[in-house]
Amino acid sequence: MWQSYVNGLLVAFGLIMAIGTQNAFVLAQSLRREHHLPVAALCVVCDALLVAAGVFGLATILAQNPTLLAIARWGGATFLIWYGSQALRRACAKQSLEQGENQTVRSLRAVMLSALAVTLLNPHVYLDTVLLIGSLGAQQSVPGAYVVGAASASLLWFFTLALGAAWLAPWLARPSTWRILDLLVALMMFTVAGQLILAS
């Protein structure tokens, strides 16, 4: 059982630690101190459910359904281009954490819907959690322990990211920091969207 747990922990850590759209969103929300803990919790729950779905059969279904994968690819590319454009627009405006505090804070519902979109409209999430992690988990001696291990990695990573960024917020309250962050987010979104389009 413990071997399956550790395998799930290590495999999931290896995939989620790479900066991706989900990590960038959690980081941005954490720096703004805008519902960052609920966002982190939502990412953990989504990852755990997707890994469990992959381990217990969905990986095989998706791998055999090119139409479903194509829909996910184009829907994800469209969303990533839109989200990247928003980040690019913010990068062109002067902003900082202090200024952000004087602006209207988005509601928890709006932030959580954005987090769901970033998580579920990104095909790479399905490739990583459902297909890759799920396929490996289906071969474990104790698949359930593997799922718990992968969920533990997600829990540790996203809450470390959320709490760490919030702690650093006073030192990051500069317009230049936000410009760099938003430019990086936009570049990453456009790059991933381009890869999805070219892969079609």
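For the structure itself, look to the data block above.
Residues numbered from 1 in each chain as written. Predicted model: local features only at pLDDT ≥ 70, side-chain atom pairs only at ≥ 80, totals over all residues. Heavy atoms only, no water.

A. The arrangement of empty space enclosed by the protein in detail. A full pass over the atoms with the stated rule returns 1 cavity of 30 Å³ or more. In this structure, the largest cavity encloses a volume near 40 Å³. What lines the largest cavity is simply Ala-12, Ile-16, Asp-47, Ala-48, Val-51, Thr-129, Ile-133, Ala-150 and Ser-154. Those elements giving two or more residues to the lining of the largest cavity turn out to be helix H1 (2–16), helix H3 (36–63), helix H7 (123–138) and helix H8 (143–168). A per-element tally of the lining of the largest cavity places H3 first, with 3 residues. For the lining of the largest cavity, the class distribution of residues is 6 nonpolar, 2 polar and 1 charged. (1 Å grid on protein atoms, 1.4 Å probe; cavity = no way out; pocket = protein on both sides within 12 Å on 5 of 7 lines; lining within 4 Å. Points joined across faces, edges and corners; volume = space filled by probe spheres on them. Helix = DSSP H or I, 4+ residues; strand = E, 2+ residues; numbered from the N terminus. Nonpolar A, V, L, I, M, F, W, Y, C, P; charged D, E, K, R; others polar.)

B. Inspection of the packing of aromatic side chains at higher detail. Counting across every chain of the model gives 1 aromatic pair. Look at Trp-2 and Tyr-5: their rings are 5.7 Å apart centre to centre, the planes differ by 80°, and that puts the pair in the edge-to-face class. Here the residue Trp-2 and the residue Tyr-5 both occupy positions in helix H1, the gap between them amounting to 3 residues, near one helical turn. (Phe/Tyr/Trp six-rings, centres within 6.5 Å; stacked < 30°, edge-to-face > 60°.)

C. Up close: the packing of helix H2 (residues 21–32) against helix H6 (residues 108–120). At a minimum axis separation of 9 Å, H2 and H6 run at an interaxial angle of 160°. Looking at the two axes, H2 sits roughly antiparallel to H6. Here the hand of the crossing between H2 and H6 comes out right-handed. Taking contact as the criterion, the partners of Thr-21, Gln-22, Phe-25 and Gln-29 in H2 are, on H6, Val-111, Ser-114, Ala-115, Val-118 and Thr-119. Per-class residue counts for the contact of H2 with H6 are 4 nonpolar, 5 polar and no charged. (Axes fitted to C-alpha atoms, helices over the stretch in contact; angles between N-to-C directions. Parallel < 35°, antiparallel > 145°, perpendicular 65-115°, else oblique. Left-handed = near helix turned anticlockwise from the far one by under 90°. Contact = heavy atoms within 4.5 Å.)

D. Representation of the nonpolar core within the structure. Counting residues in each nonpolar core, the largest one holds 32 residues, and the members touching the most others are Phe-25, Val-26, Val-39 and Phe-158. Mapped onto this core, the elements with two or more residues apiece are H2, H3, helix H4 (66–91), H6, H8 and helix H9 (175–198). In this structure Phe-158 touches Gln-22, Asn-23, Val-26, Ala-40, Cys-43, Val-44 and Asp-47, once residues within four positions along its chain are discounted. Leu-9, Val-51, Val-147 and Ala-150 belong to the second largest nonpolar core, which has 9 residues in total. (Core = buried A, V, L, I, M, F, W, Y, C linked by side-chain atoms within 4.5 Å. Buried < 20%, exposed > 50% of the residue type's maximum accessible area, 1.4 Å probe, protein only.)

E. Fine view of the environment of Ser-4. Positionally, Ser-4 belongs in helix H1. Look at Ser-4 and you get buried, because its relative accessible area is 1%. Ser-4 sits 145 residues away from Gly-149 along the chain, and the two C-alpha atoms are 7.6 Å apart. At 3.2 Å, the side chain of Ser-4 and the backbone nitrogen of Val-142 are in polar contact. (Polar contact = N/O pair within 3.5 Å; in protein donor to acceptor, adjacent residues only side chain to side chain.)

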